[in-house]
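A structural walkthrough
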Amino acid sequence: MEKMITYQIKGLVKEYPGFTLKIDDLTLYRGEIFCLLGPSGAGKTTLLRILNFLEEPTAGEVYYGGVKYTKENFNPPLEIMREITTVFQRPALLKESVWNNIIYPLKIRGQKVDREEVMAIVEELSIAQLLHRPCTTLSGGEAQRVALARALVFKPRVILLDEPTANLDPNNIRIIEDMMTKYMEKKPTVVWITHNHFQAKRVGDRICLLEEGRVVEINDKENFFTNPSQKRTREFLAGEMFY
Ligand SMILES: Nc1ncnc2c1ncn2[C@@H]1O[C@H](COP(=O)(O)OP(=O)(O)O)[C@@H](O)[C@H]1O
Ligand SMILES: [Mg+2]
């Protein structure tokens, strides 16, 4: 079966004072979970912010949906931006009820609220009992589940996850992983930053190790964990690089 391309990155450079992210060639496909591993400061969030068109590159090209974006035109039309969603480590929720937060993306897109569809996500994330609660009263795990519901409710094609389960307990982590696994039926493109090798092993299709702004290795999950092509990957997985 032919894989459908979502993103293609070519000769990407993002420069900050004292840091350069450089990705020569990267293709992301429809229907895959692409996990980004790497030490703090490796450039994972920077890459995610570029994929989200929040941060423009210093040089290079990002193709999305076959359209070329460079620093000259790094502002896709709104309808394209609205295909993409991001969930951060710390959820930023509106100071309103859980329900209002969840349906907010539909409201701003002028889409009608299909109660049954929303409730399917709500049930999967075990937040039905919270719908009337003000978001200010939620625990960290509850807030993150609400943030994920809000991110998925409008059926995004691209889901960018920046350590969404960092600091959550195993039960919350399992619920979030299960939700994402279920959502993969819709064939989105998912980029999932995680500090947890085991999580990458559970959810990832391909794994990328980023270090000091460079790709060390991109490999399918099996090879990445059992037969990596790079010595550096082996060291990283063995925990020889501390961070
Ligand atoms: N807006 C910014 N201005 C200057 N430096 C930044 C900015 N954002 C990130 N950096 C730097 O870029 C490097 C990579 O950061 P980041 O992408 O957040 O890494 P990671 O997510 O892998 O921990 C770090 O050295 C960070 O300080
Ligand atoms: Mg980060």
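So, here's what we can say about the structure.

Thoughts on the site of ligand 1
- Inspection of the region around ligand 1 gives Tyr 16, Phe 19, Gly 38, Ser 40, Gly 41, Ala 42, Gly 43, Lys 44, Thr 45 and Thr 46 as its neighbouring residues.
- Among the elements that line the shell around ligand 1, the one with the most residues is helix α1 (residues 44-51), at three residues.
- A per-class count over the shell around ligand 1 returns three nonpolar, six polar and one charged.

Remarks on the pairing of strand β10 (residues 214-220)
- Judged from the six bridges that link them, strand β9 (residues 206-211) and β10 form a sheet pairing that is antiparallel. Each residue of the ladder has a partner; that of Leu 210, found in β10, is Val 215.

Overview of unusual backbone geometry
- Here Phe 53, not a glycine, exhibits a phi torsion of approximately 60°, which is positive.
- Locating Phe 53 in the fold gives a position in the loop between α1 and β4 (59-64).
- Even without being glycine, Lys 155 reaches a positive phi, approximately 55°.
- Along the chain, Lys 155 falls in the loop between α5 (140-152) and β7 (158-162).
- Since 14 C-beta atoms lie within 10 Å of it, Lys 155 is described here as partly exposed.

What to know about the environment of His 195
- When you line up the elements, His 195 lands in the loop between β8 (189-193) and α7 (197-203).
- Distance from His 195 to Glu 163, taken between C-alpha atoms, is 7.1 Å for residues 32 residues apart in sequence.
- Leaving out residues up to four positions away in the same chain, His 195 has contacts with Glu 163 and Ala 166.

Structural notes on α5
- Along its 13 residues, α5 runs 18 Å from first to last C-alpha, staying within 8% of the 18 Å computed at 1.5 Å per residue.
- All of the buried residues along α5 are Glu 142, Ala 143, Gln 144, Arg 145, Val 146, Ala 147, Leu 148, Ala 149, Arg 150, Ala 151 and Leu 152.
- At its buried positions, α5 is contacted by β6 (84-87), α3 (98-108), α4 (115-124), β7 and α6 (170-183).

Digging into the packing of α5 against α6
- Axis separation between α5 and α6 bottoms out at 10 Å; the angle between their running directions is 10°. Between α5 and α6, the crossing angle belongs to the class labelled roughly parallel. Within the contact between the two elements, α5 uses Gly 141, Gln 144, Arg 145, Leu 148 and Leu 152 and α6 uses Asn 172, Ile 175, Ile 176, Met 179 and Tyr 183.
- Of the residues belonging to the contact of α5 with α6, the class tally is six nonpolar, three polar and one charged.

Cut-off values and rules
Residue positions within a chain follow its written sequence, with the count starting from 1. Whichever chain is written first is A, and whichever ligand is written first is 1; the rest continue in order. Two thresholds apply to this predicted model, a pLDDT of at least 70 for residue-level local features and 80 or more for giving and counting side-chain atom pairs, whereas whole-chain, interface and lining totals are computed over all residues. Put plainly, near means the residue's C-beta atom, positioned from the backbone, lies within 6 Å of the molecule or strand in question. Only DSSP runs of H or I reaching four residues or more are called helices, and only runs of E reaching two or more are called strands; each is numbered from the N terminus. Amino acids outside the nonpolar list (Ala, Val, Leu, Ile, Met, Phe, Trp, Tyr, Cys, Pro) and the charged list (Asp, Glu, Lys, Arg) are all regarded as polar, and Gly is one of them. Strands pair, by our definition, only if DSSP identifies at least two bridges between them. Comment: burial labels come from other C-beta atoms within 10 Å of the residue's own C-beta, placed from the backbone, where a count of 20 or more is buried, 12 or fewer is exposed, and between is partly exposed. Working definition of a contact: two residues with C-beta atoms, positioned from the backbone, lying within 7 Å. How far a helix is expected to stretch is found by multiplying one less than its residue total by 1.5 Å. The axes are straight lines fitted to the C-alpha atoms, using for helices just the contacting stretch, and the angles between their N-to-C directions are given from 0 to 180°. Under this scheme an angle from 65 to 115 degrees is roughly perpendicular, one under 35 degrees roughly parallel, and one over 145 degrees roughly antiparallel; angles in between are oblique.

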